[in-house]
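So the chains spell out like this:
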Amino acid sequence: MSAVPADLQYTAEHEWVRLEGDVATVGITQYAADALGDVVYVDLPKVGAALAAGSIVGEVESTKSVGELYAPLDGEVVEANSAVVDAPETINSDPYGEGWLVKVRVSSTPALLSADEYRALIGE
Amino acid sequence: MSEPSSPASHRFSPLHAVHEALGAAFTDFAGWQMPVRYSSDLAEHHAVRTAAGIFDISHMAEIAVDGPDAAAFLDAALAGRLSAMAPGKAKYSLVLDEHGGIVDDLIVYRLSDTSYLVVANASNRFAVVEALQQRVGQHDVVLDDRTEAIALIAVQGPASVAVLAATAHLDIPGLDDLKYYAWGPGDFAGTEIMIARTGYTGEDGFELYVPVERAAELWAALTAAGEPLGLVPCGLAARDTLRLEAGMPLYGHELGLSIQPVQAGLGRVVVTDKPAFVGREAILAGPAEGAPVLVGLRAEGRRAARAEYPVFHGDALVGEVTSGALSPTLGYPIAMAFVSPEVAALGTVLDLDVRGTRIPATVVALPFYSRS
């Protein structure tokens, strides 16, 4: 069983989104982190980068495979988590906390999945 | 994130329930549902390098070859000279096709003067059985695919001898003296088993062939004895990074039907000065002029090239990666690749195309890692 916190929103590409005012914090779900295995490299978009929902904006790489990071919404990157770049294993140990990836000033939000909808998507 | 692959149900190991109880994540491997990891790929990898790991590799295929002509048959059917191997020994060998291409790589154990056990990759089980059947000809031998009856448990790592010695109800005469690439009989709680000092990790270690009915008990006894010594269950993810560091080929990556052994650095495995064997003429003719050769590549940073990524020399496409990972032991990216022979010399600097980014990598000798 993977944790799917009820207070977050999700995408079908296994990102989570925490919306506070017009800033969204984005990470990957525990399900995705578990499927990848130990994360050893993270490539994140730079501060100031404009994101378009659905576009590939980064990579999360494990010993075993590579996952692409999709922008869950439109906006501008206001912060990238440099701590997770230096210690990518944080994505495995705390995907919804210290393992966050980017903060985005949101210009528009497409429909995201609720926790229940995401849980159904991953079959749990 | 891109979609993680979803589990598909297929063939199950006799140890499947054990793995489920341990919370393993499973992957499809050649139609088998096998553990890809139990906890952490990296922790499992490091345990094998520093202490010990236990692997279920029951998906491997075991084919018994029995009869008065067993030795002569294998000399004709395989690339090596199996007749020259003494009972109690093991040998790495290859099944070739008539073009000198590799049908599979194998470990062959000589059980007696007239009996061998051929261990093939799960993915090639039926291709190997078929090739061997076709090559029986006039030889007085009987082939028996025993894959369904035999479970295979590997214990690998510097603490392996201590783990086996401490395992309850496991009696292995001459364990300390068992040589690398040799095997001996053992007894586990009244059942005869076979213990081989072989493996696929680059460490000291053993592979234990046990009837499927006793596999779960043996696994439990080994883990109970091993846990105080640092033994952990390990999945196929760790097995892959361990074998890659050790420069060991994986069929479908470094080996295949379009590859002659010499291209993969396995020329020594083929014995050409023996009577006819399948592939002999093609091997003597050699691969085509300029055929790619396998090299080891070392890069800087943390981004690893993966199978099928292109390799460049300047602007010229010169090859393709077959396996790659950020080496857990060494801390830098390593890869094996087939490249044009003119850029295969040690020290040559090539470029790996890692999803659009060129990453320099230097041709280095294999293996990347060898135990001290």
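These numbers come from a predicted model, not from an experiment. (Residues numbered from 1 in each chain as written. Chains lettered and ligands numbered in written order. Predicted model: local features only at pLDDT ≥ 70, side-chain atom pairs only at ≥ 80, totals over all residues.)

*Asks:* In this structure, what is going on with the overall build of chain B? I would like to understand it.
*Replies:* When helices and strands are counted, chain B shows 8 helices and 21 strands. Computed over C-alpha atoms, the radius of gyration of chain B comes to 21 Å, within 12% of the 21 Å expected from 2.2 N^0.38 for 372 residues, which places it in the range of a compact globule. Its C-alpha atoms give chain B principal-axis dimensions of about 65 × 50 × 40 Å. The buried share of chain B, taken over its 372 residues, is 48%. Of the contacts made within chain B by residues no fewer than 6 positions apart, 66% connect residues no fewer than 24 positions apart. (Helix = DSSP H or I, 4+ residues; strand = E, 2+ residues; numbered from the N terminus. Rg over C-alpha atoms; globule rule 2.2 N^0.38 Å. Buried ≥ 20, exposed ≤ 12 C-beta atoms within 10 Å, placed from the backbone. Contact = placed C-beta atoms within 7 Å.)

*Asks:* It is not clear to me how the overall build of chain A should be interpreted in this structure. Could you clarify?
*Replies:* Secondary structure summary: chain A contains 4 helices and 9 strands in total. A compact globule built from 124 residues would reach a C-alpha radius of gyration of about 14 Å, and chain A, at 13 Å, matches this within 12%. Along the first, second and third principal axes, the C-alpha atoms of chain A reach 35 × 30 × 20 Å. Looking at chain A residue by residue over its 124 residues, the buried ones come to 45%.

*Asks:* Even after reading the chapter, I still don't get the interface of chain B and chain A, so can you show me in this structure?
*Replies:* Size of an interface: often given as the accessible area lost when the parts come together. Listed per partner, the contact involves 16 residues of chain B and 19 residues of chain A. Mapped by element, the contributors of at least two residues to the side of chain B that touches chain A are helix H2 (41–50), helix H7 (236–245) and strand E18 (316–326) of chain B. In the side of chain B that touches chain A, the residues fall into 8 nonpolar, 3 polar and 5 charged. (Nonpolar A, V, L, I, M, F, W, Y, C, P; charged D, E, K, R; others polar.)

*Asks:* Could you clarify how one ought to interpret helix H4 (residues 125–135) of chain B in this entry?
*Replies:* Residue pairs spaced three or four apart in an α-helix point in one direction, given the helix's 3.6 residues per turn. Residue and element names in this part refer to chain B. Along H4, the residues that are buried comprise Arg125, Val128 and Leu132. Buried residues in H4, looked at end-on, bunch into an arc of 75°, giving them a common side. The exposed residues of H4 that point more than 90 degrees off its buried face are Phe126, Glu130, Gln133 and Gln134. Elements that come into contact with the buried residues of H4 comprise strand E5 (61–66), helix H3 (70–77), strand E6 (90–96), strand E7 (102–112), strand E8 (115–120) and strand E9 (142–145). (Arc of directions from axis to C-beta.)

*Asks:* How should I be thinking about the nonpolar core in this particular structure?
*Replies:* Taken as a class, soluble globular proteins show a tendency for nonpolar side chains to be buried jointly. Ranked by internal contacts, the top residues of the largest apolar core, which has 137 residues, are Leu74(B), Ile153(B) and Ala335(B). When residues are assigned to domains, this core turns out to be shared by domain 1 (11–60 + 149–245) and domain 2 (61–145) of chain B, each giving three or more. The residues touching Ala335(B), leaving out its near neighbours within four places in the chain, are Leu297(B), Ala304(B), Ala305(B), Val321(B), Ser323(B), Gly324(B), Leu352(B) and Ala361(B). Membership of the second largest hydrophobic core comes to 7 residues, among which are Val4(A), Leu8(A), Leu112(A) and Tyr118(A). (Core = buried A, V, L, I, M, F, W, Y, C linked by C-beta atoms within 7 Å. Domains from an automatic or database assignment.)

*Asks:* I would appreciate a short explanation of the sheet that holds strand E15 (residues 231–233) of chain B in the present structure.
*Replies:* Within a sheet, adjacent strands bond to each other through the backbone by hydrogen bonds, running parallel or antiparallel. Residues and elements named next belong to chain B. In spatial order, the strands read E11-E12-E13-E14-E10-E4-E15; together these 7 strands make up an open sheet with mixed pairing. A strand with exactly one partner marks an edge of an open sheet, and here the two such strands are strand E11 (170–171) and E15. The strands touched by H2 within the sheet are strand E4 (52–56), strand E10 (150–156) and E15, with E4 carrying the most contacts at an inclination of about 120°. With respect to the sheet, helix H6 (residues 215–226) is in contact with E4, E10, E11, strand E12 (183–188), strand E14 (205–211) and E15, its orientation differing from that of E10 by roughly 10°. (Pairing = 2+ DSSP bridges. Axes fitted to C-alpha atoms, helices over the stretch in contact; angles between N-to-C directions.)

*Asks:* Explanation requested: the domain arrangement of chain B in the structure shown.
*Replies:* Residue and element names in this part refer to chain B. Each assigned domain of chain B is listed here: domain 1 (11–60 + 149–245) and domain 2 (61–145). For domain 1 versus domain 2, the distance between C-alpha centres works out to 24 Å. Counting from both sides, the interface comprises 13 residues of domain 1 and, opposite them, 12 residues of domain 2.

*Asks:* So what exactly am I meant to see when it comes to the packing of H2(B) against H7(B) here?
*Replies:* Helix-helix packing is described using two parameters, namely the angle between the two axes and the distance between the axes. All names here are of chain B. At their nearest, the axes of H2 and H7 sit 8 Å apart, and the two run at 55° to each other. With respect to H7, the element H2 is oriented oblique. Taken as a pair, H2 and H7 cross one another with a handedness that is right-handed. Where H2 approaches H7, its residues Asp41, Glu44, His45 and Val48 are matched on the opposing element by Ala237, Ala238, Thr241 and Leu242. (Parallel < 35°, antiparallel > 145°, perpendicular 65-115°, else oblique. Left-handed = near helix turned anticlockwise from the far one by under 90°.)

*Asks:* Mind showing me how you'd approach the environment of Gly37(A) here?
*Replies:* You can see Gly37(A) is positioned in the loop between helix H1 (30–36) and strand E4 (39–43). For the pair Gly37(A) and Gly54(A), spaced 17 residues apart in sequence, the C-alpha to C-alpha distance is 24 Å. In contact with Gly37(A), not counting residues within four places along its chain, are Ser62(A), Thr63(A), Lys64(A), Arg37(B), Asp41(B) and Ala237(B).

*Asks:* In this structure, what is going on with the sheet that holds strand E2 (residues 25–29) of chain B? I would like to understand it.
*Replies:* Residue and element names in this part refer to chain B. The 3 strands are arranged E1-E3-E2 in an open sheet whose pairing can be described as mixed. The open sheet has two edge strands, strand E1 (11–12) and E2, and neither has a second partner. Taken together, the 2 bridges between E1 and strand E3 (residues 32–37) define a ladder with parallel strand orientation. Paired with Phe12 across the bridge in E3 is Gln33. Relative to E3, H7 is tilted by about 70°, and along the sheet it contacts E2 and E3.

*Asks:* Is there a simple way to think about the confidence of the model for chain B in this case?
*Replies:* It should be kept in mind that the predicted coordinates are not to be read in detail where pLDDT is low. Residue and element names in this part refer to chain B. In the predicted model, chain B carries a mean pLDDT of 96, and 98% of its residues have values of at least 70. Within the model, pLDDT remains below 50 along residues 2–9, and this stretch shows 8 contacts once partners closer than five positions in the same chain are excluded. As scored by the predictor, the complex reaches a pTM of 0.93 and an ipTM of 0.83. (pLDDT = per-residue confidence, 0-100.)

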